[in-house]
Amino acid sequence: MRNYLSKIDKKTSDLIRMIGQEADRKGISAYVVGGIVRDILIKEKNFDLDIVVDGDTALLAEALAKQGKGRVTLHKSFGTASVKMPEGWHIDFAAARKEQYVRPGALPTVQAGSLEDDLFRRDFTINAMAIAINPRLWGQLIDRFGGLKDLWAKKIRILHDQSFIDDPTRILRAVRFEQRLGFSIERKTLVLMKAAIGQEALRTINPSRYFSELKKIFSEADPGRYLKRLSDLGILKPLHSQLSIDLNDWNRFCRNIRALRCQALYRNMDFGLVYFIGLIAKSPMAVREGILERFHWTKTERESIRQSLGVRDILGQLSARGLTPSQVYKILRPMTGETVLYLRARALRPEICRRIDRFLVKDKGVKLYITGEDLKRVGIVAGINMGKALQEILYLKIDQRVCTKKDELNAVLSLQKQTGDRKAPY
Ligand code: CTP
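Note that this is a predicted model, so its numbers are computed, not measured. (Residues numbered from 1 in each chain as written. Predicted model: local features only at pLDDT ≥ 70, side-chain atom pairs only at ≥ 80, totals over all residues. Heavy atoms only, no water.)

Colleague: In this structure, what is going on with the pattern of salt bridges? I would like to understand it.
Modeller: One side chain can pair with another of opposite charge once the charged atoms of both are near each other. Counted by the stated rule, this structure contains 39 salt bridges. The closest approach of N and O atoms between E200 and R203, which form a salt bridge, is 3.6 Å. Connected through salt bridges with shared partners, the residues D123, R173, R176, R180, E213, K216 and E220 form a single ionic network. (Salt bridge = Lys/Arg side-chain N within 4 Å of Asp/Glu carboxyl O.)

As structure tokens, this is what we get:
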């Protein structure tokens, strides 16, 4: 019997082996299942490990966390457990289950089931395989629905005709895997998917589930190219019925984002959000506000979207002749990192790009040597005036008109002189 775990990298293999041995000690059968099996077979890195067991999930999770110095979380009401390992692995443990959809688009009711039931409740054949990890069955593939054949044929295929109606999030997932893996949606699956879209199946799910799948798409490594497919299939309609997409503009924007993504400067930014901003920022106000209202956005996400609406005006300000670095700082400092990234991707003139880059690389991080204590020592009282004085010196420093601590103190004193106020320069 072929061992499907023989070619995985040593770190992954050691971890899975540890789980399998631990399960064996506790008399539990354990399997890696779902997306991780697909990724093991096509040699893609994946730090999310789903384990299905026929025993006590908490017992196994706790034993693993103890052995691998991980942090365990028990979800008692679901009978599941997860472990976060120090090397970045996230491991979910669940007992095999069977699902039933009482109405289209609703969350399924769950009951205990066999491994086969657990695989049958899944979205696509390529995600419905398991690999045994107990030592005596180590590496054995369980493939009841032809997942391996579809994986090699690069096909996305549902397991039964009702699949997209039961769980319409699979419509978005099909596009995500198709585009990410370069696979094609199998003919009958595509027919059923289009039929489900035509019946507005996506409207039967809670908007938050639709939105969270869409967010996953935007968080892919290069989501720009997914949009045409989503738009052609009518999958973006639930976002807003009047959302229109200018594909030329979108492609231009995505090219710029791709180039920026390679730069260390932008490494920690939420690119998913920036793609979203790119999608909706040029829409009419009613469309944008509708999207902001209908879906759950965090405070920062809302702020970034609202700030980005003024892009033309802000780029206009940033293109002014003779703008000093501190003037650029004043424009960009109140913005979120994602708004700045969006502006950078929308900027056409090299001068504006240089100004934004300088702000991010250098000026955003400029700090003064002097503190409030130093100002108190020269007689400036605490409060708004002190804040303003420090701010003014910071601008001078950004423009390289002061450099050392002594320069900074002298600058405060000369500001005081200018205002003729011994207590504060303002
Ligand atoms: N799954 C499903 N139907 C869904 C969501 C998930 O059948 N609507 C199953 C699939 O077997 C999937 C697994 O749950 O492989 C894990 O889901 P998720 O982590 O969302 O997807 P992955 O396949 O692991 O994809 P990714 O690489 O994007 O994490």
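Colleague: Help me understand the packing of aromatic side chains in this model?
Modeller: Where two aromatic rings form a pair, the distance of their centres and the angle of their planes describe that pair. Inspection of every chain in the model, using the stated rule, returns 17 aromatic pairs. Ring centres of F211 and F295 lie 4.9 Å apart, and the angle between their planes is 25 degrees; on these two criteria the pair is classed as stacked. Of the two residues, F211 sits in helix 9 (residues 207-218) while F295 sits in the loop between helix 13 (285-294) and helix 14 (299-308), which places them 84 residues apart along the sequence. Consider the rings of F218 and F276, whose centres lie 4.5 Å apart with planes at 25 degrees: the pair is stacked. (Phe/Tyr/Trp six-rings, centres within 6.5 Å; stacked < 30°, edge-to-face > 60°. Helix = DSSP H or I, 4+ residues; strand = E, 2+ residues; numbered from the N terminus.)

Colleague: Before we go on, may I ask you to explain the site of the ligand in this structure?
Modeller: In the vicinity of the ligand lie 15 residues, with R38, D123, D167, R176 and R180 positioned nearest. One of the backbone N or O atoms of G35 is found 2.9 Å from an oxygen atom in the ligand. Within the contact set of the ligand, an oxygen atom lies 2.6 Å away from a backbone nitrogen or oxygen of D123. Contact with the protein chains hides 78% of the accessible area of the ligand, taken as 560 Å² for the molecule alone. Of all the elements, helix 7 (residues 169-181) adds the most residues to the shell around the ligand, at six residues. Class assignment for the residues of the shell around the ligand results in one nonpolar, four polar and 10 charged. (Near = heavy atom within 4 Å. Polar contact = N/O pair within 3.5 Å; in protein donor to acceptor, adjacent residues only side chain to side chain. Areas by Shrake-Rupley, 256 points an atom, 1.4 Å probe, with all protein chains shown as cover. Nonpolar A, V, L, I, M, F, W, Y, C, P; charged D, E, K, R; others polar.)

Colleague: I tried to follow the packing of helix 17 (residues 337-346) against helix 18 (residues 350-361) on my own but got confused; where do I start?
Modeller: For any two helices packed against each other, the geometry comes down to the angle between their axes and how far apart the axes lie. The N-to-C vectors of helix 17 and helix 18 enclose an angle of 155 degrees; their axes lie 9 Å apart at closest approach. As judged from the angle between their axes, helix 17 and helix 18 are roughly antiparallel. Of the two elements, helix 17 crosses helix 18, and the hand of that crossing is left-handed. Each of V340, L343 and R344 in helix 17 lies in contact with helix 18, whose residues at this interface are C353, I356, D357, F359 and L360. The residue makeup of the contact of helix 17 with helix 18, split by class, is six nonpolar, no polar and two charged. (Axes fitted to C-alpha atoms, helices over the stretch in contact; angles between N-to-C directions. Parallel < 35°, antiparallel > 145°, perpendicular 65-115°, else oblique. Left-handed = near helix turned anticlockwise from the far one by under 90°. Contact = heavy atoms within 4.5 Å.)

Colleague: Mind showing me how you'd approach the environment of F218 here?
Modeller: For F218, the location among the structural elements is in helix 9. Note on F218: relative accessible area 3%, which makes it buried. A C-alpha to C-alpha distance of 21 Å links F218 and V311, two positions 93 residues apart in sequence. Residues within four places of F218 in sequence aside, it is in contact with P223, L227, W250, G272, Y275, F276 and L279. (Buried < 20%, exposed > 50% of the residue type's maximum accessible area, 1.4 Å probe, protein only.)

Colleague: Just checking my understanding: could you explain helix 18 for this structure?
Modeller: In an α-helix, one turn spans 3.6 residues; hence positions three or four apart end up facing the same way. Along its 12 residues, helix 18 runs 16 Å from first to last C-alpha, staying within 8% of the 16 Å computed at 1.5 Å per residue. All of the buried residues along helix 18 are I352, C353, R355, I356, D357, F359 and L360. Buried residues in helix 18 make contact with helix 15 (311-318), helix 16 (325-332) and helix 17. (Expected span 1.5 Å × (residues − 1).)

Colleague: What should I look at first to understand the side chain of E220 in this one?
Modeller: Here E220 lies in the loop between helix 9 and helix 10 (226-233). A polar atom in the side chain of E220 sits 3.0 Å from the side chain of Y226. Excluding residues that lie within four positions of it along the chain, E220 makes contacts with R176, R180, Y226 and R261.

Colleague: In this structure, what is going on with the packing of helix 1 (residues 10-25) against helix 3 (residues 57-68)? I would like to understand it.
Modeller: The geometry of helix 1 relative to helix 3 is characterised by a closest axis approach of 10 Å and an angle of 130 degrees between their N-to-C directions. Here helix 3 runs oblique to helix 1, going by the angle between their axes. Pair helix 1 / helix 3 crosses with right-handed handedness. Contact residues: M18, I19, E22, A23 and R25 in helix 1; L60, A63, L64, Q67 and G68 in helix 3. Across the contact of helix 1 with helix 3, the residue classes break down as six nonpolar, two polar and two charged.

Colleague: When you look at the sheet that holds strand 8 (residues 130-132) in this model, what are you seeing that I'm missing?
Modeller: With mixed pairing, seven strands are arranged side by side in an open sheet as 3-4-5-2-1-8-9. Every interior strand has two partners, whereas the edge strands, strand 3 (71-75) and strand 9 (141-142), have only one. Where strand 1 (residues 30-33) and strand 8 come together, three bridges link them in antiparallel fashion. Each bridged residue has a counterpart across the sheet, and for V32 the counterpart in strand 8 is I131. Where helix 1 meets the sheet, it contacts strand 1, strand 2 (48-53) and strand 5 (90-95), and its direction lies at approximately 20 degrees from that of strand 2. (Pairing = 2+ DSSP bridges.)

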